[in-house]
Amino acid sequence: MKKIGHFIGGKHVEGTSGRFADVYNPATGEVQAQVALATRAEMRAAVENAAAAQPAWAAQNPQKRARVLMKFVDLLHRDMDKLAEALSREHGKTIPDAKGDVIRGLEVAEFCIGVPHLMKGEFTEGAGPGIDMYSMRQPLGVVAGITPFNFPAMIPMWKFCPAIAAGNAFILKPSERDPSVPMMLAELMLEAGLPAGILNVVNGDKDSVDAILDDETIQAVGFVGSTAIAQYVYSRGCAAGKRVQCFGGAKNHMIIMPDADMDQAVDALIGAGYGAAGERCMAISVAVPVGEDTANRLIEKLAPRVEALKIGPYTAGNDVDFGPLVTKDAYTRVKGLVDKGVEQGAKLVVDGRNFKMQGYENGYFIGGCLFDNVTKEMDIYKTEIFGPVLSVVRAKTYEEAIDLPMSHEYGNGAAIFTRDGDAARDFSTRINIGMVGINVPIPVPLAYHTFGGWKKSGFGDLNQHGPDAFKFYTRTKTVTSRWPSGIKNGAEFVIPTMR
Ligand code: NAD
C-alpha cells in the first residue's frame, strides 16, 4: 500500500504517529494509499524548521522571490497532465475540470509575481518640519493554511503563493482525502528555487489543526472548508491571538427573470449545478424562476438536460460531465438528503439515486437530481448538499425571489439572469452576498480581485487572493523619521500635532 507522509524542510518524511487515513479512488471505491496523520510533535518540528528558514527568505529582495513563482508557473504547465491525473484519481473530478483546478491556482501564482509592486509601502515627505513618514509591509513569520478536499490544487495555491511571495514560511495542512497534489506542489516549489523549509506540507486531521491553532509561533491561519469547522477554527485561532480568515459553506441561488434568455440560463444551470458533481463552494444549488410561466419553461428545458448528463470515471476522458462523489460518506449523505426532500414534499423531477456505473459498481456515483416546488422550510433548501442536486424554488415576484438568498444563512455567491439592466443593478446593489454574477452563474473573481463570502460563508475581514491576500499575510510598520541638524532642542512634553 502506498504511504504518503509529510514534506518538511524540503524533504519527504515518513509519519511517526502510527495513525493513517485511507485515501480512496472514488470511482472504484478502492483504497489506493494511506496518508499519515501528524502528531503535535511532528507539527512542532515543521514549525521550527519553517521559523529557522524564514528570515533569510524574507531578506531576499522581492524580485528574487517573484522569480521563484515565475519558474513555479512554468513547472505547473510542464506537469499539468501529471497533476490533473493525480488530482482526478483521488478526487474523482474529470481531467479537464482537474486542469481547471490547477489553472485557477496557477493564476494566483501569476498574480503574486507582482509582489514587488504589491509590497510597496507609502511615503509622506515633509509630514512635519524635517520629518518624513513612511509605512512598509512586512511578513508575519510562519503562517498556515488548512484546506478542503474539493480543490486540492487551487486552494492550497491561493494560500501559499501570496504568503510565500510576501516573505513568510508556510505550513500547509491539506485535506486528508486527496493529499497527493499538495505534496507535488511543494516539490515543484522546491524545484522552482524555493529554499527548503519555506513550504511544508503536514498531513493530518483535527489533531494537526488543533496543533496549528495552539502553536505560539504560527502568526496567521487561512482556512477553507465547511462552516462548522470554519467557525471553530476562527474562534480558537482568534482566542490564541492569531490573525485568522475562514471561508465556509454555501447555498448559491440563481434568479431567472421572465425576460432571461432561457437557453442561456439552462446552460448556465447545468454547468454550475452539476459540474464537479456539485462539489464546489460556488456551485448553484438553488434556481429561482420568477413567475409561473418562467418556472414551467425552465423545468421543461432543464429536466431532459439533467436526464442526459454523462457521468463516469475520469479515465473515460472528455466524454464525461462529472464523476463520483468523493467518499462513501458523501454519497450516503447526499442520497439521504434527496430522500428527505421527497419525504418533505418536494417534487423530484429527475431522480439520480439509482444510477449505477457499469464496471464501477463500488464507486460513489450518483446521478443528477432535480427538485421542483422546494420551499424554504425543507432540509434540502436549508442545507448545503454538496452533490449534483438542484432545487427549484418558485417565486411569484422579483422581491420574493431576492428575499430568498438575502434571508439564507450563507452568503457566498448569487446570480441573476435577465436582460433588464435595472433589475440587475438593483440585485447587485442590495444583495447581502460576497460574489455576484449578472448572467454569469459562477462568479468566481479572477486572481487580481478577491474571493470571499459573507454571513456564514466567511469569517474574518479580508478576502482570499488579490490585494487582500497581501494585507492578510503582512503587517504594517509605520516609521516617523527626522534627521536633526545636531542642535538639541530639549525634551517635548506635549503630544506632537500638525497645527
Ligand atoms: P471540511 O470542513 O470537512 O474540511 C476542511 C479542513 O478542515 C480539512 O483540512 C480537514 O482535515 C479539516 N477538518 C475536518 N474536520 C475537522 C475538525 N473537526 N476539526 C478541525 N479540523 C477539521 O470540508 P471539506 O469537506 O473538505 O470541504 C467542503 C466544504 O468546504 C464545503 O462546505 C464547501 O462549501 C467548503 N468550501 C468553501 C470554499 C470557500 O471559499 N467558501 C471553497 C471551497 C470549499
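Small disclaimer: the values here were computed from a predicted structure and weren't measured.

Draft legend 1. Region of the structure containing the sheet that holds strand β6 (residues 122-128). Overall, antiparallel pairing links the three strands, which are arranged β6-β7-β23 in an open sheet. Looking at strand neighbours, the two that pair on one side only are β6 and β23 (474-482), the edges of this open sheet. On average, adjacent strands in this sheet sit at an angle of 25° to one another, irrespective of strand direction. Pairing of strand β7 (residues 131-139) with β23, which is carried by nine bridges, proceeds in the antiparallel orientation. Of the residues in β23, the one forming a bridge with Arg-137 is Thr-476.

Draft legend 2. Representation of the domain arrangement of the protein within the structure. Looking at the protein, the domain boundaries give domain 1 (2-248 + 457-479) and domain 2 (252-438). When each unit is reduced to the centre of its C-alpha atoms, the spacing between domain 1 and domain 2 is 31 Å. Counting residues at the interface gives 18 residues for domain 1, matched by 23 residues for domain 2. Counting only elements with at least two residues in the side of domain 1 that touches domain 2, the list comes to α3 (80-91) and α4 (95-112). A per-element tally of the side of domain 1 that touches domain 2 places α4 first, with three residues.

Draft legend 3. Fine view of the nonpolar core. Counting 86 residues, the largest nonpolar core has Met-157, Phe-170, Ile-171, Ile-212, Val-221 and Val-233 as the members making the most contacts within it. The biggest single contributor to this core is helix α6 (residues 154-165), with nine residues. Each residue touching Phe-170, except ones within four places of it in the same chain, is listed here: Val-143, Gly-145, Phe-160, Ala-163, Ile-164, Ile-198, Leu-199 and Asn-200. Judged by nonpolar contacts, the second largest core, of 66 residues, contains Met-257, Val-288, Phe-371 and Tyr-398.

Draft legend 4. Molecular detail of the site of the ligand. In the vicinity of the ligand, 27 residues are found, and the nearest of them are Pro-148, Gly-225, Phe-247, Gly-249 and Cys-281. When contributions to the shell around the ligand are tallied by element, the ones reaching two or more residues are α8 (206-214) and α9 (227-239). When its residues are assigned to classes, the shell around the ligand shows twelve nonpolar, ten polar and five charged. If you count residues domain by domain, the shell around the ligand takes at least three from each of domain 1 (2-248 + 457-479) and domain 2 (252-438).

Draft legend 5. Structural view of the pairing of strand β14 (residues 284-289). For β14, the tally of buried residues reaches six of six residues, placing the bulk of the element in the interior. Where strand β13 (residues 252-256) and β14 come together, five bridges link them in parallel fashion. Looking at the pairing, Ile-255 lines up with Val-288 of β14. With helix α10 (residues 262-274) bridging β13 and the parallel β14, this β-α-β connection has right-handed handedness. With two bridges connecting them, β14 and strand β17 (residues 389-392) associate as parallel partners. Bridge pairing in β17 links Ala-287 to Val-392.

Draft legend 6. Highlighting the sheet that holds β14. Strands sit in the order β15-β16-β17-β14-β13-β19-β20 across an open sheet of seven strands; the sheet is mixed. The sheet is open, and its two borders are formed by β15 (347-350) and β20 (435-438), each paired with just one other strand. Between one strand and the next, the sheet's axes are offset by a mean angle of 20°, whatever the strand orientation.

Draft legend 7. Focus on the confidence of the model for the protein. Looking at the protein, pLDDT values average 97 and 99% of them are 70 or higher. Across the interfaces of the predicted complex, the ipTM metric reaches 0.99, alongside a pTM of 0.96.

Draft legend 8. Broad picture of the environment of Gly-5. By secondary structure assignment, the location of Gly-5 is in the loop between β1 (2-4) and β2 (6-8). Once the C-alpha coordinates of Gly-5 and Tyr-398 are considered, the two residues, 393 residues apart in sequence, prove to be 53 Å apart. Gly-5 has contacts with His-12, Val-13, Glu-14, Gly-15 and Ala-36, leaving out every residue within four places of it along the chain.

Draft legend 9. Examining the packing of helix α2 (residues 62-78) against α4 more closely. Relative to each other, α2 and α4 sit at 160°, their axes nearing to 9 Å. Judged by the angle between their axes, α2 and α4 are roughly antiparallel. When the axes of α2 and α4 are compared, the crossing they make is left-handed. Across from Leu-69, Phe-72, Val-73 and Leu-76 in α2, the residues of α4 making contact are Val-102, Leu-106, Ala-109, Glu-110 and Cys-112. Partitioning the contact of α2 with α4 into residue classes produces eight nonpolar, no polar and one charged.

Draft legend 10. Inspection of α9 at higher detail. In a regular helix each residue adds 1.5 Å, so 13 residues correspond to 18 Å; α9 covers 18 Å between its end C-alpha atoms and thus fits that length. Of all the positions in α9, only Thr-227, Ala-230, Val-233, Tyr-234 and Gly-237 are classed as buried. One side of α9 holds all its buried residues, which, seen down the axis, span an arc of 125°. In α9, those exposed residues whose orientation departs by more than 90 degrees from the buried face are Ala-228 and Ala-239. Elements in contact with the buried residues of α9: β8 (142-146), α8, β11 (218-224), β12 (243-247) and β22 (458-459). Just past α9, the residue Gly-241 takes up positive phi, approximately 85°.

Rules and cut-offs
- Residues numbered from 1 in each chain as written.
- Predicted model: local features only at pLDDT ≥ 70, side-chain atom pairs only at ≥ 80, totals over all residues.
- Pairing = 2+ DSSP bridges.
- Helix = DSSP H or I, 4+ residues; strand = E, 2+ residues; numbered from the N terminus.
- Axes fitted to C-alpha atoms, helices over the stretch in contact; angles between N-to-C directions.
- Domains from an automatic or database assignment.
- Contact = placed C-beta atoms within 7 Å.
- Core = buried A, V, L, I, M, F, W, Y, C linked by C-beta atoms within 7 Å.
- Buried ≥ 20, exposed ≤ 12 C-beta atoms within 10 Å, placed from the backbone.
- Near = placed C-beta within 6 Å.
- Nonpolar A, V, L, I, M, F, W, Y, C, P; charged D, E, K, R; others polar.
- Right-handed = clockwise from strand over helix to strand, strands pointing away.
- pLDDT = per-residue confidence, 0-100.
- Parallel < 35°, antiparallel > 145°, perpendicular 65-115°, else oblique.
- Left-handed = near helix turned anticlockwise from the far one by under 90°.
- Expected span 1.5 Å × (residues − 1).
- Arc of directions from axis to C-beta.

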